[in-house]
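Coordinate analysis (summary)
This is what each chain is made of:
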Amino acid sequence: MTPTTTWYLVLAAILFGVGVIGLMIRRNPLVMFMCIELMLNAVNLSFVAFARAFTDISGQTAVFFVMVVAAAEVVVGLGIIIAILRRRPGATIDDLAELKG
Amino acid sequence: MELLVFVLASVMVLAGAIGVIAYRNPVHAALGLVLTLFGIAVHFVSMEAHFLAAVQVIVYAGAIVVLFLFVIMLLGVDRAEDLTVEPFQIQRPLAVIIGVAISGLITAAVVRGRSTLGERIDSGVPGDDNIRELARSLYSDNVFAFELTSVLLIVAVVGTVVLTRRQRGGVDK
């Protein structure tokens, strides 16, 4: 009994769900960022699973680009978090409602 | 053997993911993230994506998590967060319902469309050819996107420097 593509896709779905739950219940901006990384990795896993299922390297190319964009996103996001938390130490996401209409 | 690897790596992935959302201390959450990323890398190896597995370990588990830890230490937010206080009572059960629903929907779609995936096909690309194939795809079909990523990285670096620079004597600070 060897793992099929379906198993990997189900695992990716569960991982994505865990990331969604974490994004909504945590209030520390850094931990929320980590949950976004979890979701990105779930998608990467399903990309690679599809690439193997269809014997098409394009899936792995997509994962490569996702990794580049994730790295850039983390750098910019952490820069924003540093800029915010330097002004208001200990701020959680709930405190950052200044732009609320 | 393959089944054993799958089960062990999946346990790593899910335990790390649960750790990320359940640990109260952000440092511990980051370590849970490392566990998840290593588990994903093991999955990549078992799916013969060797280059991506290496990049996963170097870029994700190496660079990105170190960046997270660096920011945690820099800001001094490494104290435990009190998870029992919840300003919006409905938020937590609603979050769990939505997360489980999303997972369930994707799982249902995958199980329903299982027949189109077929059984496991042995990939035509053996291990050594993986990097060559990936490079061929990157530098021929996707060369424009590849060049754009370099622009993206430059913009990200410049943007971060601008964002985190302290204004010297300005009224803004």
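Residues numbered from 1 in each chain as written. Chains lettered and ligands numbered in written order. Predicted model: local features only at pLDDT ≥ 70, side-chain atom pairs only at ≥ 80, totals over all residues.

Attention now goes to the overall build of chain B. Looking only at helices and strands, chain B has seven helices and zero strands in total. Beginning at the N terminus, the succession of helices and strands in chain B can be written as α-α-α-α-α-α-α. Taking all 173 residues of chain B together, 24% fall into the buried category. Put simply, of all contacts in chain B between residues at least 6 apart along the chain, 52% involve residues at least 24 apart. (Helix = DSSP H or I, 4+ residues; strand = E, 2+ residues; numbered from the N terminus. Buried ≥ 20, exposed ≤ 12 C-beta atoms within 10 Å, placed from the backbone. Contact = placed C-beta atoms within 7 Å.)

Each helix and strand counted, chain A has three helices and zero strands in total. For 101 residues, the compact-globule estimate of 2.2 N^0.38 gives 13 Å, and the C-alpha radius of gyration of chain A, at 17 Å, exceeds that figure by more than 25%. Over its C-alpha atoms, taken along the principal directions, chain A stretches across nearly 55 × 25 × 25 Å. Each of the 101 residues in chain A was classed as buried or not, and the buried ones make up 53%. Nonlocal contacts in chain A, meaning residues at least 24 apart in sequence, comprise 47% of its contacts between residues at least 6 apart. (Rg over C-alpha atoms; globule rule 2.2 N^0.38 Å.)

Between the first and last C-alpha of helix 3 (residues 58-87) of chain A there are 44 Å, a value that for 30 residues agrees with the 44 Å anticipated at 1.5 Å per step. Within helix 3 of chain A, burial applies to G59, Q60, T61, V63, F64, M67, V68, V74, L78, G79 and I81 of chain A. As for helix 3 of chain A, its buried residues are in contact with helix 2 (29-53) of chain A together with helix 3 (50-75), helix 6 (129-141) and helix 7 (143-164) of chain B. (Expected span 1.5 Å × (residues − 1).)

Another point: unusual backbone geometry. Phi at T55 of chain A takes a positive value of approximately 50°, unusual for a residue other than glycine. Its location among the elements puts T55 of chain A in the loop between helix 2 and helix 3. Overall, the presence of 12 C-beta atoms within 10 Å leaves T55 of chain A in the exposed class. One non-glycine residue, E48 of chain B, lies in positive phi territory at about 65°.

It is worth spelling out the interface of chain B and chain A at this point. Opposite the 70 residues of chain B that make contact, chain A presents 61 residues. Only helix 1 (2-22), helix 2 (26-46), helix 3, helix 4 (91-112), helix 5 (114-117), helix 6 and helix 7 of chain B provide two or more residues apiece to the side of chain B that touches chain A. Among the elements that make up the side of chain B that touches chain A, the one with the highest residue count is helix 4 of chain B (13 residues). Here the side of chain B that touches chain A is composed, by residue class, of 47 nonpolar, 15 polar and eight charged. (Nonpolar A, V, L, I, M, F, W, Y, C, P; charged D, E, K, R; others polar.)

What follows covers the nonpolar core. Counting residues in hydrophobic clusters, the biggest one holds 63 residues, and the most contacted among them are L15, M34 and V48 of chain A. At the level of secondary structure, the elements contributing two or more residues to this core comprise helix 1 (5-25), helix 2 and helix 3 of chain A together with helix 1, helix 2 and helix 3 of chain B. Apart from the residues lying within four places of it in its own chain, the contact partners of M34 of chain A are V20, A29, A30, L33 and F68 of chain B. (Core = buried A, V, L, I, M, F, W, Y, C linked by C-beta atoms within 7 Å.)

All names here are of chain B. Interaxial distance between helix 2 and helix 3 falls to 8 Å at its minimum, and their mutual angle equals 175°. The angle between helix 2 and helix 3 places the two elements in the roughly antiparallel class. Of the residues in helix 3, those touching helix 2 at P26, V27, A30, L33, V34, L37, F38, I40, A41, F44 and V45 are H50, L52, A53, Q56, V57, Y60, A61, V65, F68, L69 and I72. Looking at the contact of helix 2 with helix 3, its residues break down into 20 nonpolar, two polar and no charged. (Axes fitted to C-alpha atoms, helices over the stretch in contact; angles between N-to-C directions. Parallel < 35°, antiparallel > 145°, perpendicular 65-115°, else oblique.)

Time to look at the packing of helix 2 of chain A against helix 1 of chain B. One way to put it is that helix 2 of chain A packs onto helix 1 of chain B with a least axis distance of 9 Å and a crossing angle of 155°. With respect to each other, helix 2 of chain A and helix 1 of chain B are oriented roughly antiparallel. Here helix 2 of chain A and helix 1 of chain B pass one another in a crossing that is left-handed. Residues V31, M34, C35 and L38 of chain A of helix 2 of chain A form the contact with helix 1 of chain B, whose participating residues are A17, V20 and I21 of chain B. (Left-handed = near helix turned anticlockwise from the far one by under 90°.)

The domain architecture assigned to chain B consists of domain 1 (1-82) and domain 2 (128-166). Centre-to-centre separation of domain 1 of chain B and domain 2 of chain B, based on C-alpha positions: 23 Å. (Domains from an automatic or database assignment.)

Between its terminal C-alpha atoms helix 2 of chain B stretches 30 Å, which fits the 30 Å expected from 21 residues at 1.5 Å a residue. Following helix 2 of chain B by one or two positions, E48 of chain B adopts a phi angle in the positive range, close to 65°.

Looking at chain B as a whole, its pLDDT mean stands at 85, while 83% of the residues score no less than 70. Confidence estimates for the predicted assembly give a pTM of 0.88 and an ipTM of 0.89. (pLDDT = per-residue confidence, 0-100.)

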